Amino acid sequence: MEAKEILDRLALWRDAQKRSTWKPIVEEGDGGADTSKFSGIPSLAENEPYPRCGTCQALMPLFLQLNLNQLPEELLGRFGSGLLQMFYCTDCDSYLPLENTKLVRLVQPLAGSQSLQGENYPSFPAKTIVGWTQLDDYPSPEEHNELGLIFDYDFSANTVRIECPLVGLVTEDLAMDSAPEAEEVATALPGDKLAGYPGWIQGIEYPECPQCNRRMELVFQIDSEDNLPYMFGDVGCGHITQCPEHKEILTFGRACS
Ligand SMILES: [Zn+2]
Ligand SMILES: [Zn+2]
């Protein structure tokens, strides 16, 4: 079977996995306390101290604030309501989720919230999110197996066997260089994006909710040096995830090579 024919047969599987994702449209500058934005000054409650790293006590820059009440209509209510904020300690730069070197939380915008002066707080040049571009997204190869597309590699023989029960496909052992690559079938969009599929680098790394052990789901992917001039480890890709049951349980982890 030719690579092209295999890809054609697998289009049905690919379509079945399709999700929407939304890429932010940004303008330079901090649009204000309750806006969706990259970095800038977070909305904080009156008298609330600026968030510090739980490990090294450094002030943590705001990486992302999303006003969940102003998301694309399809996503309203999915992640809760109010503001979702992510602070990240750039001194510790820890890849592990569920640690105190990052703070990801939901807060309700308060009428009496402080108007902080920017110069005393760490921040990248702020970008305000003024809109979203909706795109189709697909799972990265690391997720194919559990979604029913198996690439069974035999590296000593240099062959691969492809199996996809949904479309009734089982190939014989194919020479690797004449078989399609899993990434050609489907992969996740890189860059900053809201919802969709996470781009993994080493394997699936969804955290589990510490309360109910459910797999946490992608809220937002923050990639190295897209809207924020920051590189996670060695060109890592970060993910804000949330328990589907406990909306207040949020965290951030990053995959790196
Ligand atoms: Zn720290
Ligand atoms: Zn949970």
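Residues numbered from 1 in each chain as written. Chains lettered and ligands numbered in written order. Predicted model: local features only at pLDDT ≥ 70, side-chain atom pairs only at ≥ 80, totals over all residues. Heavy atoms only, no water.

**Q** I tried to follow the coordination of the zinc ion (ligand 2) on my own but got confused; where do I start?
**A** Reference values for angles at a metal are 109.5 degrees in the four-donor tetrahedral case and 90 or 180 degrees in the six-donor octahedral case. Taken together, the protein donors to the zinc ion (ligand 2) comprise C209 (SG), C212 (SG), C243 (SG) and H246 (ND1), at separations of 2.0 to 2.3 Å. Coordination at the zinc ion (ligand 2) is tetrahedral: its four donor atoms span angles of 104 to 115° at the metal. Mapped onto the polypeptide sequence, the residues donating to the zinc ion (ligand 2) form the spacing pattern C-x2-C-x30-C-x2-H. Judged by its relative accessible area of 1%, C209 falls in the buried class. (Donors = N, O, S within 2.8 Å, 3.2 Å for Na, K, Ca; no water. Tetrahedral: all angles 85-135°; square planar, octahedral: opposite > 155°, others 65-115°. Buried < 20%, exposed > 50% of the residue type's maximum accessible area, 1.4 Å probe, protein only.)

**Q** How do you make sense of the environment of C243 when you look at a structure like this?
**A** Summarising the element assignment, C243 is placed in the loop between β13 (237–242) and β14 (250–255). On the basis of relative accessibility, which here comes to 0%, the residue C243 falls in the buried class. Residues C243 and T128, spaced 115 residues apart in sequence, show a C-alpha to C-alpha distance of 26 Å. Those residues in contact with C243 that lie beyond four places of it in its chain are C209, C212, R214, M216 and I249. (Helix = DSSP H or I, 4+ residues; strand = E, 2+ residues; numbered from the N terminus. Contact = heavy atoms within 4.5 Å.)

**Q** Just checking my understanding: could you explain the coordination of the zinc ion (ligand 1) for this structure?
**A** Looking at the zinc ion (ligand 1), the protein donor atoms are C53 (SG), C56 (SG), C89 (SG) and C92 (SG), and they sit 2.3 Å from it. Geometry at the zinc ion (ligand 1) is tetrahedral, judged from its four donor atoms and the angles of 104 to 112° they form at the metal. All donors to the zinc ion (ligand 1) come from one chain, and their sequence spacing reads C-x2-C-x32-C-x2-C. Taken together, the residues C56 in the loop between β2 (37–38) and β3 (62–67) and C92 in the loop between β4 (83–88) and β5 (102–107) connect sequence positions 36 residues apart. The class for C56 is partly exposed, based on a relative accessible area of 35%.

**Q** What am I meant to see in the pattern of salt bridges here?
**A** Oppositely charged side chains are able to pair whenever their charged atoms sit close together. Tallied over the entire structure, the rule returns nine salt bridges. Between K4 and D8 there is a salt bridge; the shortest N-O distance is 2.9 Å. Pair noted here: K4 and D8 are both in helix α1 (residues 3–16), with a separation of four residues, about one helical turn. With its nearest N and O atoms 3.9 Å apart, the salt bridge here joins D136 to K18. In this pair, D136 is assigned in strand β6 (residues 127–137) and K18 in the loop between α1 and β1 (19–28), connecting sequence segments 118 residues apart. Among the residues examined, D136 registers a relative accessible area of 41% and is labelled partly exposed. (Salt bridge = Lys/Arg side-chain N within 4 Å of Asp/Glu carboxyl O.)

**Q** Can you help me understand the packing of aromatic side chains in this one?
**A** The relation between two aromatic rings is expressed through the spacing of the ring centres and the mutual angle of the planes. Applying the stated rule across the entire model yields 17 aromatic pairs. Taking 5.1 Å as the distance between ring centres and 65° as the angle between the ring planes, the aromatic pair formed by F63 and Y88 counts as edge-to-face. Residue F63 is located in strand β3, and its partner Y88 is located in strand β4; the two are separated by 25 residues in the primary sequence. For the pair formed by F63 and Y88, the shared burial category is buried. (Phe/Tyr/Trp six-rings, centres within 6.5 Å; stacked < 30°, edge-to-face > 60°.)

**Q** Mind showing me how you'd approach the nonpolar core here?
**A** In globular proteins that are soluble, nonpolar side chains generally tend to be buried together. Residues F63, L66, L194, F220, I222 and I240 are the most contacted members of the largest nonpolar core, which totals 27 residues. Those elements giving two or more residues to this core turn out to be β3, β4, β6, β12 (217–223) and β14. (Core = buried A, V, L, I, M, F, W, Y, C linked by side-chain atoms within 4.5 Å.)

**Q** Quick question: what am I supposed to make of the side chain of D192 here?
**A** With respect to the element layout, D192 can be found in the loop between α3 (182–185) and β11 (193–194). One buried charged residue, D192, remains without a salt bridge, the closest side chain of opposite sign being K127 at 7.2 Å. Residues within four places of D192 in sequence aside, it is in contact with K23, P24, F38, F220, Q221, I222, D223, D226, N227 and L228. (Lys, Arg positive; Asp, Glu negative; His and termini not counted.)

Geometry only, nothing functional implied.
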